[in-house]
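# Breakdown of the fold
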Amino acid sequence: MHLPKITLRVVLQTAMMLAIGAIGGLLAYWVRWPMPWMFGALLAAGVTVRLVQPVSLSDYDFPMDFRTFFVALIGVMIGTQVTPDLLSLAGELPITLSALVLFVVAAHAGNMAIFHRIGGYDRSTAFFSGTPGGLMESIFMGEAAGADTRILTVQQFLRIILVITLLPVGLSLWIGHPVGSAAGLTIGGDKPPVTPVALVMIAITAVLGLWVGRRIRLPAAQLTGPLLLAAAATVTGGLDLHLPFWLIATAQLVIGVSLGMRFKGVDAGLLRRSLWLAALSVSYMLLLGMTFAIVLERLTGIAFLHLFISFAPGGVAEMSVVALSLAANPALVSLHHVVRILITVVEMPLAAKVMGLRPPRF
């Protein structure tokens, strides 16, 4: 692999952008915004390159090899959600997990129609903008498939932002008390401190998963390789790879800044169009998820709200925290969201090939 030349100027520019992203992350964390370190950093970096436009960044591109390692760490974090408890639940929930496949296909097809026919995006950009999960995977596969990465990044982040802010707010108003991050809850807050040996094992899992993923040509290998390796390591219960809060926050910060840099050249018109299309797409997916939840409640006896949260196309961590607020089983919710990501990763390249789109290359 060819590595770009890293100069002192690039190091200083990267450090400056990370500092700006950290300020945005701190502000987002202070106001209890969901996924604050990623969204706060993305917003701060996006505002910097879109509105401030400092001359010192005119020829700067965020170093992608630096970002790749932190993407791998996010893959490890998601993979650690596949615990023995989740596997025991999976055996008891074949109906809901089968329904999840139908949900992903229906949501993706409807979203592509919204973005292509109503939004006017080209088929490749509409296809990868319309995935109902797997934010990072969709962006990375879309990049490789020739989609417009500016539009793709904006639409995917707007999907997550709308779901993980509007859904907890709506549930809070309905139930009468705060839920999710607004309630001050976190996933994994009761974990013991991570030892230096554990940090080394986390890093090894990330690097080895990245290498294996690329070696066997997995889709979005920088994320799915570490994800699958971490899942295999933790599912037996013999190895605890949980990431400490500061490491997760750092990974989200780096990824948020790198994605925020892509707002160079994004005009206000594109943002306005992306926002209303995202609102239409999210409304469609929430109504679809609500329909699935109503039907599945009658078939399985699982509470409607628990199923609705499991099918809401938001982030794994935030939806699990919302479940915790409602005295639901976070493992049940995490299972459905992890499986939704895996289904999306498998479905994307297969559907792209069937539709005659340029297949992702890695």
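Description of the structure in this document. Not measured: the values here are computed from a predicted model. (Residues numbered from 1 in each chain as written. Predicted model: local features only at pLDDT ≥ 70, side-chain atom pairs only at ≥ 80, totals over all residues. Heavy atoms only, no water.)

Turning our eyes to something else, we now look at the packing of helix 3 (residues 64-79) against helix 10 (residues 221-235). Close contact between helix 3 and helix 10 brings their axes to 7 Å; oriented N to C, the two are set at 35 degrees. As helix 3 packs across helix 10, the resulting crossing turns out to be right-handed. Two secondary-structure elements touch here, helix 3 through Thr68, Val71, Ala72, Ile74, Gly75, Val76, Ile78 and Gly79 and helix 10 through Gln222, Leu223, Pro226, Leu227, Ala230, Ala231 and Thr234. Among the residues forming the contact of helix 3 with helix 10, the class breakdown is ten nonpolar, five polar and no charged. (Axes fitted to C-alpha atoms, helices over the stretch in contact; angles between N-to-C directions. Helix = DSSP H or I, 4+ residues; strand = E, 2+ residues; numbered from the N terminus. Left-handed = near helix turned anticlockwise from the far one by under 90°. Contact = heavy atoms within 4.5 Å. Nonpolar A, V, L, I, M, F, W, Y, C, P; charged D, E, K, R; others polar.)

Any two side chains of opposite charge can pair if their charged atoms end up close together. Tallied over the full model, the rule gives one salt bridge. We note a salt bridge from Arg150 to Asp148, for which the minimum N-O separation is 3.7 Å. With relative accessibility at 30%, the residue Arg150 sits in the partly exposed group. We classify Asp148 as partly exposed; its relative accessible area is 25%. (Salt bridge = Lys/Arg side-chain N within 4 Å of Asp/Glu carboxyl O. Buried < 20%, exposed > 50% of the residue type's maximum accessible area, 1.4 Å probe, protein only.)

By the definition in use, this model includes eleven aromatic pairs. Taken together, a centroid distance of 5.5 Å and an interplanar angle of 90 degrees make the contact between Phe103 and Phe311 edge-to-face. Pair noted here: Phe103 is in helix 5 (residues 94-118) and Phe311 is in helix 13 (residues 304-311), with a separation of 208 residues, a long-range link. Of the two residues, Phe103 and Phe311, neither departs from the other in class, the shared state being buried. Look at Phe304 and Phe308: their rings are 5.8 Å apart centre to centre, the planes differ by 10 degrees, and that puts the pair in the stacked class. Taken together, the residues span about one helical turn, with Phe304 and Phe308 both in helix 13 at a distance of four residues. Across the pair, Phe308 and Phe304 agree in class, each one buried. Clustering of aromatic rings is evident, with ring pairs tying together Phe62, Phe66, Phe69 and Phe70. (Phe/Tyr/Trp six-rings, centres within 6.5 Å; stacked < 30°, edge-to-face > 60°.)

Another point: helix 13. Quick reminder: α-helices carry 3.6 residues per turn. Residues three or four places apart thus point the same way. Among the eight residues in helix 13, seven count as buried, and that is most of the element. Listed in full, the buried residues belonging to helix 13 are Phe304, Leu305, Leu307, Phe308, Ile309, Ser310 and Phe311.

With that settled, the discussion passes to the environment of Val257. Within the fold, Val257 resides in helix 11 (residues 245-260). Considered as a pair, Val257 and Ala41 are 216 residues apart in the sequence and their alpha carbons are 5.3 Å apart. Excluding residues that lie within four positions of it along the chain, Val257 makes contacts with Met17, Leu18, Gly21, Ala41, Leu42, Ala45 and Phe62.

The contact between helix 2 (residues 36-52) and helix 11 brings their axes to 7 Å, and the two run at 30 degrees. Comparing their axes, helix 11 and helix 2 come out roughly parallel. Helix 2 and helix 11 meet at a crossing whose hand is right-handed. Along the contact surface, helix 2 presents Trp37, Met38, Ala41, Leu42, Ala45, Gly46 and Val49, while helix 11 presents Phe245, Ala249, Gln252, Leu253, Ile255, Gly256, Val257, Leu259 and Gly260. Of the residues assigned to the contact of helix 2 with helix 11, the class counts are twelve nonpolar, four polar and no charged. (Parallel < 35°, antiparallel > 145°, perpendicular 65-115°, else oblique.)

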